[in-house]
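The primary structure of each chain is shown beneath.
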Amino acid sequence: MKNVAVLGATGSIGGNTLDVIARHPQRFRASVLTAHRQVEALVALCAQHRPALAVIADPSLETELSRRLVAAGVRCEVASGHAALTAAAAGGLCDTVVAAIVGAAGLESTLAAARAGKHLLLANKESIVMAGPLLLEAVATGGGALIPVDSEHNAIFQCLPGGRPELRGSGVRRLILTASGGPFRGRTRAELADITPDQACKHPNWVMGRKISVDSATLMNKGLEVIEAHHLFGAPAEAIDVVVHPQSLVHSMVEYVDGSVLAQLGNPDMRTAIAHALAWPERVESGVASLDLAACAPLQFESPDLNTFRCLALAFQALRAGGDAPAVLNAANEIAVEAFLAGALPFLSIADVVEAVLAELPAQAVVDVETLCERDRTAREAARRILRNAC
Ligand code: NAD
Ligand code: MG
């Protein structure tokens, strides 16, 4: 029996994870559930999954959470605040942690799970983008495992020999990340000027949280994933390619030196990657329908348009700059996306804000988590100032 902490249980990945867990009550138990502020949703999940501990990140909501759990007849421990979240990720109530908080807010708990030697199922790509080397070091010293849940990286993991997350010596020539192209594939810059948040969040193939949906529309999501792949698999920027594949059935590929290209396919449903990561190295049923290739044909592939979707080019730039540049890119992007979702920034200006912050804060070496978090704060302040000046 695996005891699973689902960090970000009320989100899209959290919900899909709980769906898979509920299919296998003999194998998995959701022992810890956490949320940011969604008390009602968290209580409903607790009533269904009966965890040992529920954590609400916003401390002002702890009393309300306790009261509502009692009213719902749910008996479990209750805690609140970021320290409680981190303690839960590292604590004895779980052996497996699904890191499914969105954004840099997930960094601390992800690192804590890694240091504690948990089986870490990583959806929170922002934490590895920000702190790749530190996270990998924490996994190594903690002695646990890191299994990618992001569908592209999970696909690559499945296409590598024996799921070995290390390219050196394995005959790999390059990693090919597929991108759906998002809702605005094929559009010109002029056609993107008046995009609204709701249009940007309407992804053609996946239902996801709003932040990652906007990232998918700008292709920043693919940019973050290129950096994620670099860290997870030790691949240099030159060995990572992106190809647009609108059907989202080929979740990514690995090319070997003999010309073989291995791909992982499946319907676009995150439960496949989640079930793979939860059961690894075994396989369990996920609830995902069988793939009907004939009904999906033809499969298309095309090059990304880096002039229209500049965020992808900026991510490659940050990866090549190295050091803390990816953390700066991520912080600026989080602020810009927040402003776009609030209706305070045009869609095309997200890339402008990221570019300006990267220019203002040249890459520095990553020393430790404290300096990295300080850099994250500085980049957020720079992005907010640029936003204020632009309005
Ligand atoms: P979401 O917005 O649906 O859910 C986010 C979860 O994090 C919620 O439970 C929320 O309560 C919690 N949260 C948000 N801010 C928090 C904070 N400050 N402190 C504590 N908890 C907080 O997001 P999602 O789509 O599920 O994505 C989660 C992560 O997984 C992201 O990093 C995303 O990039 C990654 N991911 C998502 C998908 C997908 O299909 N949704 C696919 C691949 C990777
Ligand atoms: Mg992905």
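Residues numbered from 1 in each chain as written. Chains lettered and ligands numbered in written order. Predicted model: local features only at pLDDT ≥ 70, side-chain atom pairs only at ≥ 80, totals over all residues. Heavy atoms only, no water.

### Overview of the UniProt feature "domain: DXP reductoisomerase C-terminal" (unreviewed entry) in the protein chain
Next up, step 1: Cross-referencing UniProt, the feature "domain: DXP reductoisomerase C-terminal" (unreviewed entry) maps to residues 265-381 in the present numbering.
Next up, step 2: For residues 265-381, the helix share is 57%, the strand share is 1%, and the end-to-end C-alpha distance is 41 Å. (UniProt positions renumbered as here; feature names shortened; annotations may be inferred. Helix = DSSP H or I, 4+ residues; strand = E, 2+ residues; numbered from the N terminus.)

### A word on the nonpolar core
Next up, step 1: Formed by 134 residues in total, the largest nonpolar core has its most connected members in L33, L175, F233, L329, F347, I350 and V357.
Next up, step 2: Ignoring any residue separated from it by four or fewer positions in sequence, one finds L175 in contact with I156, L167, A229, F233, A235, A239, I240, D241, M253 and V254. (Core = buried A, V, L, I, M, F, W, Y, C linked by side-chain atoms within 4.5 Å. Buried < 20%, exposed > 50% of the residue type's maximum accessible area, 1.4 Å probe, protein only. Contact = heavy atoms within 4.5 Å.)

### Observations concerning the site of ligand 1
Next up, step 1: Close to ligand 1 lie 24 residues, the nearest being T10, S12, H36, E126 and G209.
Next up, step 2: Backbone polar atom of S12 to an oxygen atom of ligand 1: 2.9 Å apart, as the coordinates give it.
Next up, step 3: Among the elements of the structure, helix 1 (12-22) and helix 6 (125-142) are those that each provide at least two residues to the shell around ligand 1.
Next up, step 4: When its residues are assigned to classes, the shell around ligand 1 shows twelve nonpolar, nine polar and three charged.
Next up, step 5: In terms of domain composition, the shell around ligand 1 takes at least three residues from each of domain 1 (2-148) and domain 2 (155-268 + 291-296). (Near = heavy atom within 4 Å. Polar contact = N/O pair within 3.5 Å; in protein donor to acceptor, adjacent residues only side chain to side chain. Nonpolar A, V, L, I, M, F, W, Y, C, P; charged D, E, K, R; others polar. Domains from an automatic or database assignment.)

### So, empty space enclosed by the protein
Next up, step 1: Within this structure, the stated rule accounts for two cavities of 30 Å³ or more.
Next up, step 2: If you add up the space inside the largest cavity, you get close to 80 Å³.
Next up, step 3: R189, T218, T308, F309, R310, C311, F347, L348, I350 and A351 are the residues that line the largest cavity.
Next up, step 4: Taken together, the elements giving at least two residues each to the lining of the largest cavity come down to helix 13 (310-321) and helix 15 (349-360).
Next up, step 5: When its residues are assigned to classes, the lining of the largest cavity shows six nonpolar, two polar and two charged.
Next up, step 6: Of the volumes computed, that of the second largest cavity is approximately 50 Å³.
Next up, step 7: Around the second largest cavity sit S151, N154, A155, W206, H251, Q264, D269, T272 and A273, which together line it.
Next up, step 8: Those elements giving two or more residues to the lining of the second largest cavity turn out to be helix 7 (151-159) and helix 11 (271-279).
Next up, step 9: When residues of the lining of the second largest cavity are assigned to their parent elements, the largest contribution, three residues, is made by helix 7. (1 Å grid on protein atoms, 1.4 Å probe; cavity = no way out; pocket = protein on both sides within 12 Å on 5 of 7 lines; lining within 4 Å. Points joined across faces, edges and corners; volume = space filled by probe spheres on them.)

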